[in-house]
Every structure is written in C-alpha cells, then in structure tokens.
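# A look at the structure
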Amino acid sequence: MTRRCVCPGSFDPVTNGHLDVIARAGDLFDEVVVAVLHNPGKSGTFDVESRMNLIEASVSALVQESGRVRVEQFGGRLLVDVCREVGAGWIVKGVRGSTDYSYEAPMARMNAHLAGVETVFLAADPRWAHVSSSLVREVASYGGDVGAFVPDVVRAALSAQQRLRRAQT
Ligand code: PNS
C-alpha cells in the first residue's frame, strides 16, 4: 500500500523551512502532496497561481529526483477533504517552537476528530527555526536581503513585487 502524506500550507511564499519539511516528508512517505490551501486568518500577498509556480520551481529538483512529490492547490476546501481526495492518511507539518505547536495542535486534533487523519510534526531544522513567510515578506518589503531564507526564484519574485510597488507609489 502506498503511504501518502499531505504537506499543507498557505506558502505565501514558500521558504527554505517549508522545503526542508517537504524533503524530510519525502524520506518518510512514499508520496508527498504539497497542498496549497487558503488560511482564513491570513490575507494573501502572492496569488495562488504565483505561489504554486514558486513551489513547483522550488521543488522541481525533488520531483525530478523522486517523482514522488507533487504540488496542487485546493482553495475553499477542508484539509481533511483534501486528504480524502488524494488518498492521504497523514498530514506533515513543521514545528518551529511552542508557538507553532500551540497553533498546530488544535488543528491536528480537529483533523483527527473529523476524519481520523493523523498529523506528524517534524521539529524544524534550527537553521530555519526563525524563518516564516510573514517575516520574509516583511524583510523584503523594506528592501532587506532574503536570499538566505528562500529559494532564488522566490527572492526574485519578491524583488519584482517590490519594484512594482515602488513604481506604483
Ligand atoms: O501555512 P499555514 O497558513 O499555517 O497553513 C494553515 C492551513 C492552510 C494548513 C490551514 O489553515 C488549513 O488547513 N486550511 C484549510 C481549511 C481547514 O481545513 N480548516 C480547518 C483546520 S482544523
């Protein structure tokens, strides 16, 4: 039986921390579905199509190496319905510390209650424990260099977004 997991998130934008978790999920499971979902608590910076393109470009090495990682978007859907649709029995999430755990644990319990889907938490690699999409966006918005935290394609997309914003003001 194929052991398939879902790595869900809003990925706005994808960071090196996300990519580390996706790669490690690939070591644990036969197949990984990276699911781009809507988080009602967050307003988007990149539209979903851009986020998808950035993730696809960033995971292309993983996909080519293994063929076991794919990226899909599931706007307006419950995560457990996504798991059911793609035939995944597990959700994999990275946890950077106690704040992440406090946020993730109720969702994990809810997803288990709703559909019996278990969540596997991977402790964040210390290299990326301070890296979040929101901090990356903030640093980039003031012209800071985010090249250490995101893949080159994301860095370039953030720079292009900044140039566009500056041209519009
Ligand atoms: O990267 P994020 O923003 O922390 O990811 C959160 C996300 C998108 C995984 C979460 O908001 C989610 O699962 N959204 C889908 C809707 C859903 O299932 N909500 C109930 C969660 S218990």
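About the cut-offs
- Residues numbered from 1 in each chain as written.
- Predicted model: local features only at pLDDT ≥ 70, side-chain atom pairs only at ≥ 80, totals over all residues.
- Heavy atoms only, no water.
- Patch = residues over 30% accessible without salt bridge, like charges linked within 9 Å, V, L, I, M, F, W, Y side chains within 5 Å.
- Areas by Shrake-Rupley, 256 points an atom, 1.4 Å probe, with all protein chains shown as cover.
- Salt bridge = Lys/Arg side-chain N within 4 Å of Asp/Glu carboxyl O.
- Helix = DSSP H or I, 4+ residues; strand = E, 2+ residues; numbered from the N terminus.
- Buried < 20%, exposed > 50% of the residue type's maximum accessible area, 1.4 Å probe, protein only.
- Axes fitted to C-alpha atoms, helices over the stretch in contact; angles between N-to-C directions.
- Parallel < 35°, antiparallel > 145°, perpendicular 65-115°, else oblique.
- Left-handed = near helix turned anticlockwise from the far one by under 90°.
- Contact = heavy atoms within 4.5 Å.
- Core = buried A, V, L, I, M, F, W, Y, C linked by side-chain atoms within 4.5 Å.

### Observations concerning a nonpolar patch on the surface
A cluster of nonpolar side chains, contributed by L78, M110 and L114, occupies part of the molecular surface with about 300 Å² of accessible area. Positionally, L78 belongs in the loop between β3 (69–73) and α3 (79–86). By relative accessible area, L78 is classed as partly exposed at 49%.

### Notes on the packing of α3 against helix α4 (residues 98–115)
Axis separation between α3 and α4 bottoms out at 9 Å; the angle between their running directions is 55°. When the axes of α3 and α4 are compared, the pair comes out oblique. Seen from above, α3 lies across α4 with right-handed handedness. Touching L79, V80 and R84 of α3 are N111, L114 and A115, all from α4.

### A word on the nonpolar core
Core analysis: the largest hydrophobic core is formed by 29 residues, its most contacted members being I22, V32, V34, I55, V71, V92 and L158. The set of elements that each furnish at least two residues to this core consists of β1 (4–9), α1 (16–28), β2 (31–36), α2 (48–66), β3, α5 (133–141) and α6 (152–168). In this structure, V34 is in contact with C7, F11, I22, I55, V69, R70, V71 and E72, ignoring residues within four places of it in sequence. The next biggest cluster of nonpolar side chains, apart from the first, holds 13 residues, and it includes A35, F74, C83 and A88.

Worth remembering: the numbers are spatial, not functional.
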